[in-house]
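A look at the structure
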Amino acid sequence: MLYLVALGSLASRINPRSQDRMGRTAGQVLANGLPAALGLLLGSPAFFLSALAAAAADTLATEVGGRARQAWHPLRGWVPAGTNAAVSAQGSLALLLGALLYLPWALWLGVPPLAVVVGGVAGAVADTLLGLGEDRFRWGNGLTNLLSTALGGGVGFLIAA
């Protein structure tokens, strides 16, 4: 969990346009960490690592993608980078890297690496899609992060089973 917080805080501080330059808030840590904690309570290292990989993938996609010149929004076309639910090539590559950063942990804990990476990617992609609802229905980003991280953990759990 500290690995995720440190990674997110570092990525935010390096991005001059980040909304989180002062580091992660307690709400962000809880929204991203509660599903991982659920994985621990269930005794599932696959759920735990996949949830963390989803949070890391989303964080890196947001921070790196926010530095792109522009991004593609599914409903609005080309928009300024950093727009909620928009996708850029740089952000997409960072998303994959964020999920891959949990490979060593998967190998160390004996969790199928594919489960962690696919769970991480699935959760981060879900975060983008849920971001569309966040804009329309005005729920907070914390709920988006909570749901997408839980989904990533669930996907990893199912693949590892």
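Our structure's up above, just so we're on the same page.
Overview of the structure. (Residues numbered from 1 in each chain as written. Predicted model: local features only at pLDDT ≥ 70, side-chain atom pairs only at ≥ 80, totals over all residues. Heavy atoms only, no water.)

1. Quick word on the pairing of strand E2 (residues 77–80)
Relative to E2, strand E1 (residues 70–73) runs antiparallel, the two being bridged by four bridges. Across the sheet, residue His73 finds its bridge partner in E2, namely Gly77. (Pairing = 2+ DSSP bridges. Helix = DSSP H or I, 4+ residues; strand = E, 2+ residues; numbered from the N terminus.)

2. A word on the packing of aromatic side chains
Counted under the stated rule, the structure contains three aromatic pairs. When the centroid spacing of 5.4 Å and the interplanar angle of 75° are considered together, the rings of Trp72 and Trp78 count as edge-to-face. Taking 6.1 Å as the distance between ring centres and 15° as the angle between the ring planes, the aromatic pair formed by Phe137 and Trp139 counts as stacked. Residue Phe137 is classed as exposed on the basis of its relative accessible area of 56%. (Phe/Tyr/Trp six-rings, centres within 6.5 Å; stacked < 30°, edge-to-face > 60°. Buried < 20%, exposed > 50% of the residue type's maximum accessible area, 1.4 Å probe, protein only.)

3. A few points about the packing of helix H2 (residues 26–41) against helix H7 (residues 141–160)
At their nearest, the axes of H2 and H7 sit 8 Å apart, and the two run at 25° to each other. For the element pair H2 / H7, the angle class is roughly parallel. When you trace H2 past H7, the crossing you get is right-handed. Contacts between H2 and H7 involve Ala31, Asn32, Leu34 and Pro35 from the first element and Gly142, Asn145, Leu146, Thr149 and Ala150 from the second. Looking at the contact of H2 with H7 residue by residue, the classes come out as five nonpolar, four polar and no charged. (Axes fitted to C-alpha atoms, helices over the stretch in contact; angles between N-to-C directions. Parallel < 35°, antiparallel > 145°, perpendicular 65-115°, else oblique. Left-handed = near helix turned anticlockwise from the far one by under 90°. Contact = heavy atoms within 4.5 Å. Nonpolar A, V, L, I, M, F, W, Y, C, P; charged D, E, K, R; others polar.)

4. Section: the side chain of Thr144
Inspection of the secondary structure assignment puts Thr144 in helix H7. Taking the relative accessible area as the measure of exposure, Thr144 reaches 0% and is therefore buried. In this structure, Thr144 is in contact with Asp127, Leu130, Gly131, Glu134 and Trp139, ignoring residues within four places of it in sequence.

5. Considerations on the pattern of salt bridges
The full count for this structure, using the stated rule, is one salt bridge. When the shortest N-O distance is used, the salt bridge between Asp135 and Arg76 registers 4.0 Å. Here Asp135, found in helix H6 (residues 113–137), pairs with Arg76, found in the loop between E1 and E2; they are 59 residues apart in sequence, far enough to count as distant. The class of Asp135 is partly exposed, set by a relative accessible area of 27%. (Salt bridge = Lys/Arg side-chain N within 4 Å of Asp/Glu carboxyl O.)

6. Some details on the pairing of E1
Within a regular beta strand, the side chains point alternately toward one face of the sheet and then the other, so they alternate between its two faces. Across the two faces of E1 the burial differs, with Ala71 and His73 buried and Gln70 and Trp72 not buried at all. Counted between consecutive antiparallel strands, the loop separating E1 from E2 contains three residues.

7. Here's the deal with helix H4 (residues 89–100)
Helix length check: H4 (twelve residues) gives 17 Å between terminal C-alpha atoms against 16 Å at 1.5 Å per residue, within 8%. Within H4, burial applies to Gly91, Ala94, Leu95, Gly98 and Ala99. End-on, the buried residues of H4 take up no more than an arc of 140°, which puts them together on one face. With respect to the buried face of H4, the exposed residues turned more than 90 degrees away are Ala89 and Leu93. Against the buried residues of H4 lie helix H3 (45–65), helix H5 (103–109) and H6. (Expected span 1.5 Å × (residues − 1). Arc of directions from axis to C-beta.)

8. Regarding the nonpolar core
Grouped together as the largest cluster of nonpolar side chains are twelve residues: Ala36, Ala46, Phe48, Leu49, Ala51, Leu52, Ala53, Ala56, Tyr102, Ala106, Val111 and Val116. Judged by nonpolar contacts, the second largest core, of six residues, contains Ala57, Ala61, Leu95 and Ala124. (Core = buried A, V, L, I, M, F, W, Y, C linked by side-chain atoms within 4.5 Å.)

9. Describing H6
For H6, built from 25 residues, the straight-helix expectation of 36 Å at 1.5 Å per residue is met to within 8% by its first-to-last C-alpha distance of 35 Å. Arg138 lies just past H6 and shows a positive phi near 65°.

10. Here we look at the side chain of Glu134
Looking at where Glu134 falls in the secondary structure, it is placed in helix H6. Of the side chains with opposite charge, Arg138 comes closest to the buried, unpaired Glu134, at an N-O distance of 8.5 Å. A distance of 2.8 Å separates a polar atom in the side chain of Glu134 from a polar atom in the side chain of Thr144. Setting aside anything within four residues of it in sequence, one finds Glu134 in contact with Asn84, Trp139, Gly140, Asn141 and Thr144. (Lys, Arg positive; Asp, Glu negative; His and termini not counted. Polar contact = N/O pair within 3.5 Å; in protein donor to acceptor, adjacent residues only side chain to side chain.)

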